[in-house]
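Spelled out from the first residue to the last, the chains are:
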Amino acid sequence: MAWNVVDRNTAGDLGPGISDAVRQKIRGFFDRYPTRRAVMLPALHITQEALGYVSLQAMRDVAEELEVPPSDVLDVVSFYTHFWTHPRGEKTIMVCRSLSCELLGGRELVEALKEKLGIGEHETTPDGRFSLMTEECLAACDHAPCMMINEKMHKCVRLDQLDQLLDDPDNDRLDMPRSDLYDAPGGEKPDYAALARQHGHHDEPAANAEDDDLGYTSDVGEMKDS
Ligand code: FES
């Protein structure tokens, strides 16, 4: 695994910061937890919902709100694959890569999705509609192979269902009421198409980044490719 050292004090464009409304929503969690630090995950969920990803500036802002060093926020962001450090699409497709799904065709689903969407893992379609990633067990092993589109689980997915699944405008709509606890204030969504136009469909890996043994590329500014 290769690491590219970046001095974030001179790193240039740190991306967007969080708005006052996002700060207020984060502060609304303070009474629920024993410490501000404990609000880390809700704060990052809200931030990502508002911005479409967690920028370096947003990490600084969250650190300021939680009264922790920015490096602590980066630690959490880089640990969880759920958090993106570069813009993602409106709908994130997460295909399970753990054992049951792997044995029953998960890898073939990933390859077919790459082909149909014209993107690789951790990349976004040019129109900002879809991003693609793999994820560890999605906790529905008895219905392998599985994938999620945003929060919606799709079970026992067959290759011949993919076109219909991608075309279905409700492919991420839950069949049950969902909590808006971690949504952006006012339910606002980022302009995913504009983000895709601004940032391209994926981040170029750092010049000295190399694929690790698992086939994933790491670089520091991103720390991971999600
Ligand atoms: S192995 Fe795929 S859901 Fe558990």
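Note that the structure is predicted; figures quoted are calculated from it, not measured.

> Help me understand a nonpolar patch on the surface, please; the structure alone is not making it clear to me.
A cluster of nonpolar side chains, namely L41, F79 and Y80, defines an oily patch on the protein surface of about 310 Å² accessible area. As for its placement among the helices and strands, Y80 is situated in the loop between α4 (70-79) and β1 (91-96). Given the relative accessible area of 36%, Y80 is considered partly exposed.

> Is there a simple way to explain the pairing of strand β3 (residues 130-135) in this structure?
Working note: regular strand, side chains alternate between the two faces of the sheet. For β3, the buried fraction is high: 6 of the 6 residues fall into the buried class. Side chains F130, L132 and T134 project from β3 onto one buried face, and the interleaved S131, M133 and E135 project onto a second face that is buried too. Pairing of β1 with β3 involves 6 bridges; the strand directions are parallel. When the sheet's bridge partners are listed, K91 is paired in β3 with F130. The sheet contact formed by strand β2 (residues 123-124) and β3 spans 2 bridges and is antiparallel. Among the inter-strand pairings, E123 is bridged to a residue of β3, identified as L132.

> Can you help me understand unusual backbone geometry in this one?
Negative phi is the rule for most residues except glycine; trans is the rule for most peptide bonds. Of note, the amide linkage connecting A144 to P145 takes the cis form, showing an omega dihedral of -5°. Structurally, P145 can be placed in the loop between β3 and β4 (147-149). Positive phi is not limited to glycine here, since E67 has a value of about 60°. Here E67 is to be found in the loop between α3 (56-66) and α4.

The rules we used
- Residues numbered from 1 in each chain as written.
- Predicted model: local features only at pLDDT ≥ 70, side-chain atom pairs only at ≥ 80, totals over all residues.
- Heavy atoms only, no water.
- Patch = residues over 30% accessible without salt bridge, like charges linked within 9 Å, V, L, I, M, F, W, Y side chains within 5 Å.
- Areas by Shrake-Rupley, 256 points an atom, 1.4 Å probe, with all protein chains shown as cover.
- Salt bridge = Lys/Arg side-chain N within 4 Å of Asp/Glu carboxyl O.
- Helix = DSSP H or I, 4+ residues; strand = E, 2+ residues; numbered from the N terminus.
- Buried < 20%, exposed > 50% of the residue type's maximum accessible area, 1.4 Å probe, protein only.
- Pairing = 2+ DSSP bridges.

Any link to function would need more than the numbers given here.
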